[in-house]
Amino acid sequence: IFPGSVDAAGQRATLGVMGGGQLGRMFVHAAQRLGYFTAVLDPDAQSPAGLVSHHHIQTSYDDPAGLAQLAHLCQAITTEFENVPAPTLQTLAQTRPVAPGAAVVGIAQNRIAEKAHFAACADLSGVSCAPYAVLETPAQLRSVQAERADLLPGILKTARLGYDGKGQVRVKTAEELAAAWAELGGAACVLEKMLPLTAECSVLVARGWDGQVVSFAPQRNVHVDGILAVTHAYEGNMPVALADRARDAAIAIAHHLGYVGVLCVEFFVVEDGSEHGGLVVNEMAPRPHNSGHYTLDACDASQFDLQVHAMASLPLPQPRQHSPAIMLNLLGDVWFDAEGQLHEPDWQAVLSLPGTHLHLYGKADARAGRKMGHLTITGPDVTSVKTVARRAASLLN
Ligand code: ADP
Ligand code: MG
């Protein structure tokens, strides 16, 4: 699907995205830069991507008329939002190429299926996930309580709809496990052993319809209260041997899924000497990811460019990172002072620091924990990037 093409009915080449959040917005920017028209489906009139797209279809994700309109307007469709109902993607796929496909999105939407997939390709990927048990029935709860003391202390995670640490409870004892499961409404869950993490990292890969794969180097991520706070993307951000293993594992996972599009795989780095050989696969996101935002400013092709190329069957360029980078997430908290009063951050001071790239998502109201934007710092060397990142962070706190 070439960006300049016009079909017999006079319609311009248009790419569609399910979901209008910031990931959709940055996708739209990338698609438009190449010359595509864009369409966003999101019920919110003020959605960040809807605000900048040629077309904004304001319906719910499963509205038949909205989906028909999206399929009519677009030559290919992607998703930016993990919880788009998988059957919806199936419907769209009857008439249009959809990347990633319904089946893989369905796996990534469910921790039970996701972990089963990781286990199924552990031999290929060389990496396993944390020890876990599935918890769907009271009988399973009783048997986990009786037989899986090895999983405690652990984290109980809902199988569906968890993100940014939501839908998770940390438990130390069998009694706490029962209480936590009740607290989560008895929903399908996994209980995962708490591991001694020394670091977390993620890998972005893009795979085309023809099976070609390109990837970015692993980035190291720091989470605060379950939400990504900082991404370190430069040589030396983690031991080379671990980085190579993580990248190889992510590629194997993408191939094994028959994935098309950009996939982000998150890993834990655990204390040496553990049975996991230092690396454990945590979860995957079937889309560009917050931890890959630095690629917009530090690489010659961003994760969003690769998403456009993959879905439109354009050649996939192997991206090259030209600058070391640190990304700081800008949560709504930055808009509140110590007294809890709303104020605009001091952009004048932040932007006068060298190598700062500000991305705001166009969200009108700042709320604690809400992702409002991010700041990427690039520079000639790692030391200067770290110095500027520290100054920027102190201006923003
Ligand atoms: P989410 O979907 O909310 O991102 P994750 O499974 O990635 O859920 O968990 C969020 C964070 O909680 C992780 O980034 C990590 O810091 C911590 N965490 C999750 N599982 C474990 C574990 N098994 N051991 C130690 N820390 C964990
Ligand atoms: Mg996560």
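Keep in mind it's a predicted model, so treat the numbers as computed, not measured. (Residues numbered from 1 in each chain as written. Chains lettered and ligands numbered in written order. Predicted model: local features only at pLDDT ≥ 70, side-chain atom pairs only at ≥ 80, totals over all residues.)

Undergrad: Could you clarify how one ought to interpret the overall build of the protein in this entry?
TA: Counting its regular elements, the protein contains 13 helices and 18 strands. Taking 21 Å as the expected radius of gyration for a compact globule of 397 residues, we find that the protein reaches 21 Å, a close match to that expectation. Principal-axis analysis of the C-alpha atoms gives the protein an extent of 65 × 50 × 45 Å. For the protein, with 397 residues in total, the buried portion stands at 45%. Sequence separation of 24 or more characterises 63% of the internal contacts of the protein that already satisfy a separation of 6 or more. (Helix = DSSP H or I, 4+ residues; strand = E, 2+ residues; numbered from the N terminus. Rg over C-alpha atoms; globule rule 2.2 N^0.38 Å. Buried ≥ 20, exposed ≤ 12 C-beta atoms within 10 Å, placed from the backbone. Contact = placed C-beta atoms within 7 Å.)

Undergrad: How should the domain arrangement of the protein be read in this particular structure?
TA: Partitioning the protein into domains gives domain 1 (14-98), domain 2 (131-193) and domain 3 (197-396). Distance from the C-alpha centre of domain 1 to the C-alpha centre of domain 3: 23 Å. On the side of domain 3, 18 residues touch domain 1, which itself brings 18 residues to the contact. At the level of secondary structure, the elements contributing two or more residues to the side of domain 1 that touches domain 3 comprise helix H1 (22-33) and strand E4 (76-79). For the side of domain 1 that touches domain 3, the element with the highest residue contribution is H1, accounting for seven residues. (Domains from an automatic or database assignment.)

Undergrad: Would you mind going over the site of ligand 1 with me for this structure?
TA: Contacts to ligand 1 come from 18 residues, most closely from Ala130, Gly165, Glu192, Met194 and Leu195. Where the shell around ligand 1 is concerned, the elements lending two or more residues are strand E7 (154-158), strand E9 (189-193), strand E10 (197-207) and strand E15 (279-285). For the shell around ligand 1, the two domains that each supply at least three residues are domain 2 (131-193) and domain 3 (197-396). (Near = placed C-beta within 6 Å.)

Undergrad: How should unusual backbone geometry be read in this particular structure?
TA: The linkage connecting Ala99 with the following residue, Pro100, adopts the cis geometry, with an omega of -5°. The amide bond that connects Leu152 to the next residue, Pro153, takes the cis arrangement and shows omega of -10°. The phi angle at Asp225 is positive, at roughly 50°, despite the residue not being glycine. Along the chain, Asp225 turns up in the loop between strand E12 (219-224) and strand E13 (227-233). Classification of Asp225 as exposed rests on a count of 9 C-beta atoms within 10 Å. The backbone of Ser313 sits at a positive phi, close to 60°, despite the residue not being glycine. With respect to the helices and strands, the residue Ser313 is situated in the loop between helix H11 (303-311) and strand E16 (325-331).

Undergrad: What am I meant to see in the sheet that holds E9 here?
TA: Strand pairs in the sheet, formed through backbone hydrogen bonds, run parallel or antiparallel to each other. Across the sheet, which stays open at both edges, the four strands sit in the order E6-E9-E7-E8 with antiparallel pairing between neighbours. Two strands in the sheet have a free side with no partner beyond their single neighbour: strand E6 (132-135) and strand E8 (168-171). Neighbour-to-neighbour, the strand axes of this sheet turn through a mean angle of 20°, independent of strand direction. Of the pairings in the sheet, the one linking E7 to E9 comprises five bridges and is antiparallel in character. Counted as the bridge partner of Lys157 is Val190 from E9. Sheet contacts for helix H7 (residues 138-147): E6 and E9; angle to E6, the most-contacted strand, approximately 155°. With respect to the sheet, helix H8 (residues 174-183) is in contact with E6, E7, E8 and E9, its orientation differing from that of E8 by roughly 170°. (Pairing = 2+ DSSP bridges. Axes fitted to C-alpha atoms, helices over the stretch in contact; angles between N-to-C directions.)

Undergrad: Please clarify how the pairing of strand E1 (residues 14-18) should be interpreted in this entry.
TA: Here is the key point about a regular strand: its side chains alternate between the two faces of the sheet. Within E1, five of the five residues are buried, which leaves the element mostly enclosed by the surrounding structure. Burial along E1 is two-sided: the face carrying Thr14, Gly16 and Met18 and the face carrying Leu15 and Val17 are both buried. Bridge count for E1 against strand E2 (residues 37-41) is five bridges, and the pairing is parallel. If you follow Leu15 over to E2, its bridge partner there is Thr38. Remark: the E1/H1/E2 crossover connection has right-handed handedness. (Right-handed = clockwise from strand over helix to strand, strands pointing away.)

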